[in-house]
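# Per-entry structural report
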Amino acid sequence: MRAQPKASHFIGGEWVEDREGAAFESLYPATGEVIAHLHEATPTVIDRALEAAREAQEDWAARPPIERGRVLHRAAEIIRARNRELSELETLDTGKPLQETLVADAASGADALEYFAGFAPTVTGQTIPLGRDMAYTLREPLGVCVGIGAWNYPIQIACWKAAPALAFGNALVFKPSEMTPLSALALAEILTEAGLPAGLFNVIQGGGACGAALVSDPRVAKVSLTGSVPTGRRVYATAGEGIKTVTMELGGKSPLIVFEDADLDHAVGAAMLGNFYSSGQICTNGTRVFVHRAVKAAFLEKLAARTGKIVLGDPLDAATQMGPLVSDAQMAKVLGYIAQGRKEGARLVCGGARWGDTGCFVAPTVFADVSDDMVIAREEIFGPVMAVLDFESEDEVVTRANATEFGLAAGVFTRDLTRAHRVVAALEAGTCWINAYNLTPVEMPFGGVKASGVGRENGHAALEYYTRVKSVYLGLGDVDAPY
Ligand code: NDP
């Protein structure tokens, strides 16, 4: 096996295997080759992980934040030193080209660890003067947190949840997607090597049932999910039963608006990044590209020329720009949407079919003349399929951009900065870009509105979702009781 881990789970600082759990395989989506054999967590394994987290958390929370940060700093350094190895593992597990994983996956995970390592010692409470008396607040960790990941950015998602959880004194049990089980285990090993005490970062494998068992467990104080809206609804409801804190990073169908005065080359480049990077498997993708009618022909001409030159192929080849989708099922789903787009009368500009006859590749696809009611303009496809829609006026495009249950992200391309800020203010989206797209540095809060999510990852905002506030009233005089 090219990427066989030492065992399926990592709990309490140790590799754990339980062959009673259902067996599953991890496949390399470019060839279908089996790269690892694993077992799902049994109830015993799930219990062991939660118990390990519970036992370790109290002592960790009691440590000075600067000490916790030091461990995360060391982990970030190890990740950077092993970037090549981790990137190859991520490429094998996801099929994303090495050209991407070398710069975007483990590297952004290291950024998160570094950011929250530095943030932890700066966290303070408030002092509140009350005349004779006073009050102050303490920021406390939540306790045992659960992280559940999607398959598109496995190590980044694990780090985006582990870094704030651990920095602020929590313990985490992380369940990666069954499609991409491997890099979270590598992260667990690295955190241990960096000096993280046993039990604070545990990885268990399994599907939806395993995730559901974690979410409903009374030992768990917080759940952070990265996944689709339907899964989010279920997880949020279960977490709500237990009155748990949540972060929900869910799907989207984000608008990217190109006004007539935009720099068209940059707008085309951003639209391609926002639809074809990671073979289109990115939650924030600008999959509804609204182009002003005056520049539509020029936009499509440039887009078709550049899209036709995208290099697909072996993801481990440094020259490859686009790899396969994550699985046969995802490829079938995306090809189904392409068929639907044709049936509904959208104009196919390029792509529109499977690429090659092995692996889960789909050619980068552009549809023009898409209307708002077509399925390809309404549903999240999660593949390399761009829908180009025309518009005439600013008011019209804002109304149409907002006419969706999703609200994850949005982008605006224009040279008129007054208009850019005005439009961004009117867009119902958690993350917006002006003359850029899909950049998500750890310094910037990230998350959605409407059905796309609740809460924020990254930036200072993450503090709200991994800590709770304790208010302390300090009586400095006599107790004035009326009886
Ligand atoms: P899914 O919603 O299918 O799964 C997400 C995770 O939840 C997986 O680990 C899955 O397990 C688990 N899960 C499934 N059912 C339950 C349940 N009832 N209780 C607890 N956990 C459960 O999403 P995908 O993995 O298919 O990822 C793609 C989706 O993720 C897209 O919609 C995309 O937009 C979204 N996403 C959002 C991001 C954001 O930050 N907003 C970023 C990246 C992706 P398993 O799959 O192993 O069965």
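Just above sits the structure.
Residues numbered from 1 in each chain as written. Predicted model: local features only at pLDDT ≥ 70, side-chain atom pairs only at ≥ 80, totals over all residues. Heavy atoms only, no water.

## Section: the nonpolar core
- The biggest cluster of nonpolar side chains holds 125 residues, and the ones touching the most others in it are L113, F201, I204 and F299.
- Filtering out sequence-adjacent residues up to four positions away, I204 remains in contact with H9, I11, A41, V45, I46, A49, V173, F174, K175, P176, C210 and L214.
- Counting 30 residues, the second largest nonpolar core, distinct from the first, contains V397, A410, L427 and A429. (Core = buried A, V, L, I, M, F, W, Y, C linked by side-chain atoms within 4.5 Å. Buried < 20%, exposed > 50% of the residue type's maximum accessible area, 1.4 Å probe, protein only. Contact = heavy atoms within 4.5 Å.)

## Description of the layout of surface pockets
- Volume-wise, the largest pocket comes out at about 880 Å³.
- Mapped by element, the contributors of at least two residues to the lining of the largest pocket are α8 (208-216), β10 (220-226), α9 (229-241) and α12 (328-343).
- No other element matches α9, which puts seven residues into the lining of the largest pocket.
- One number sums up the size of the second largest pocket: a volume of about 570 Å³.
- What lines the second largest pocket is a set of 24 residues, among which Y153, Q156, N438, L439 and T440 lie closest to the centre. (1 Å grid on protein atoms, 1.4 Å probe; cavity = no way out; pocket = protein on both sides within 12 Å on 5 of 7 lines; lining within 4 Å. Points joined across faces, edges and corners; volume = space filled by probe spheres on them. Helix = DSSP H or I, 4+ residues; strand = E, 2+ residues; numbered from the N terminus.)

## With respect to the sheet that holds strand β12 (residues 255-258)
- One open sheet accounts for seven strands, arranged β14-β15-β16-β13-β12-β17-β18; its pairing is mixed. The open sheet is flanked by β14 (347-350) and β18 (431-434), the only strands paired with a single partner. Across this sheet, the average inter-strand angle for adjacent strands is 20°, counted without regard to direction.
- Note: β12 against strand β13 (residues 288-292), four bridges, orientation parallel. Its bridge partner being in β13, P255 is matched across the sheet by R288.
- Together, β14, β15 (365-368) and β16 (385-391) form the strand contacts of α12, whose direction differs from that of β15 by roughly 25°.
- This element, helix α15 (residues 417-426), spans β12, β17 (409-413) and β18 of the sheet and lies at about 170° to β18. (Pairing = 2+ DSSP bridges. Axes fitted to C-alpha atoms, helices over the stretch in contact; angles between N-to-C directions.)

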